[in-house]
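Notes for the structure review
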Amino acid sequence: MMGKKTETSFRGILLGLTGASMVLGVILLTVGSVVVSGYSVYLDFITGRYLESAVFILVMGIVVVTVSAIGFYAALKSHYCMMTTFLIIMVLAILCELIAAVTTFALNGEKSHEMGMRKKLKESLDMYGSPTSPQQTKSWDLIQTELHCCGLNDVNDYSRSSFTNQTGYLPESCCGPLQLDKFGEPEKCRPDTPSRHKAGCVIALKSLLVRKVGVVGAMAVIVAIVQITIIVGASVLVSKWKVPGQCYPCY
């Protein structure tokens, strides 16, 4: 049996480990929330798998925080059965995080998602400026402003749009800051405007998704590795506890 001082030391270490696990859960929750919020701007153009991967990380963060709180309480009360439950659930959580990381990284290599994104962009671009599709116009203005891009591949995509054919200009969102004319009005955005965005939105959006997918996947892997260390350390310490004769929820 452990001495009183040794038992107190082990309890303190376990409290630190479960507390660290709780912090990791908060990190997962935060990263998932930020990425989900970032994806919400582009929901009209991206496939659901991107959003699902971020939501899964967010949910895993909630699970890890909740289970870690149980582990923290178990360490505080030296509750063997609750601590064992915490360790088992955390092992399952780590497996889910690693699966999520692999699935998330795989998104970058799947051509079907890029083709689906390109199709959605093409369909919505054709409706730009239409009185019956104000949401499509708003979405394109948002993506071109946020990503500093213009058209699908380049500015020539607007040569076939009803908006350009009717007005003779490009959308203002295709350009950066516009100069003022002699009447104090901003000039129109044209293909030869110096501040016109040069990149196509397919490449710009793809680059953004690759970065976000990389962040989500890398964070899941890093958190899982640190959690493995925490679980191994906690398991070693718990193995030194006296095993109770029964596992009653609260005794």
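This is a predicted model, so every value here is computed, not measured. (Residues numbered from 1 in each chain as written. Predicted model: local features only at pLDDT ≥ 70, side-chain atom pairs only at ≥ 80, totals over all residues. Heavy atoms only, no water.)

**Considerations on the packing of aromatic side chains**
Under the definition given, this model contains one aromatic pair. Centre to centre, the rings of Tyr128 and Tyr158 are 5.8 Å apart; their planes meet at 80°, and the pair counts as edge-to-face. A residue pair is termed long-range when its members are at least 10 positions apart, and Tyr128 in the loop between α4 (111-125) and α5 (134-147) and Tyr158 in the loop between α5 and α6 (162-167) qualify at 30 residues. The pair Tyr128 / Tyr158 is uniform in exposure class, with both members buried. (Phe/Tyr/Trp six-rings, centres within 6.5 Å; stacked < 30°, edge-to-face > 60°. Helix = DSSP H or I, 4+ residues; strand = E, 2+ residues; numbered from the N terminus. Buried < 20%, exposed > 50% of the residue type's maximum accessible area, 1.4 Å probe, protein only.)

**Comments concerning the state of the cysteines**
A full pass over the atoms with the stated rule returns three disulfides. Across the disulfide, Cys150 is cross-linked to Cys174 (sulfur-sulfur distance 2.1 Å). What sets the handedness of the Cys150 and Cys174 disulfide is the S-S torsion sign, and at about 85° it is right-handed. Placement of the pair is Cys150 in the loop between α5 and α6 and Cys174 in the loop between α6 and α7 (201-238), with a sequence separation of 24 residues. Across this residue pair, the class does not change: Cys150 and Cys174 are buried. Residue pairing for Cys175: its cysteine sulfur links by disulfide to Cys189, the two sulfurs lying 1.9 Å apart. Given an S-S torsion of about 75°, the disulfide between Cys175 and Cys189 has right-handed geometry. Here the residue Cys175 occupies a position in the loop between α6 and α7, and Cys189 occupies one in the loop between α6 and α7, the gap between them amounting to 14 residues. (Disulfide = S-S within 2.5 Å.)

**Let's talk about the side chain of Ser68**
Residue placement: Ser68 occurs in helix α2 (residues 48-77). Those residues in contact with Ser68, other than ones at most four positions away along the chain, are Thr18, Ser21, Met22, Phe86 and Met90. (Contact = heavy atoms within 4.5 Å.)

**Regarding the environment of Met22**
Note that Met22 resides in helix α1 (residues 4-40). Residue Met22 is classed as partly exposed on the basis of its relative accessible area, which comes to 25%. C-alpha separation for the pair Met22 and Ala69, spaced 47 residues apart in sequence, amounts to 6.7 Å. Non-local contacts of Met22, meaning those with residues more than four positions away in its chain, are made with Val65, Ser68, Ala69 and Phe72.

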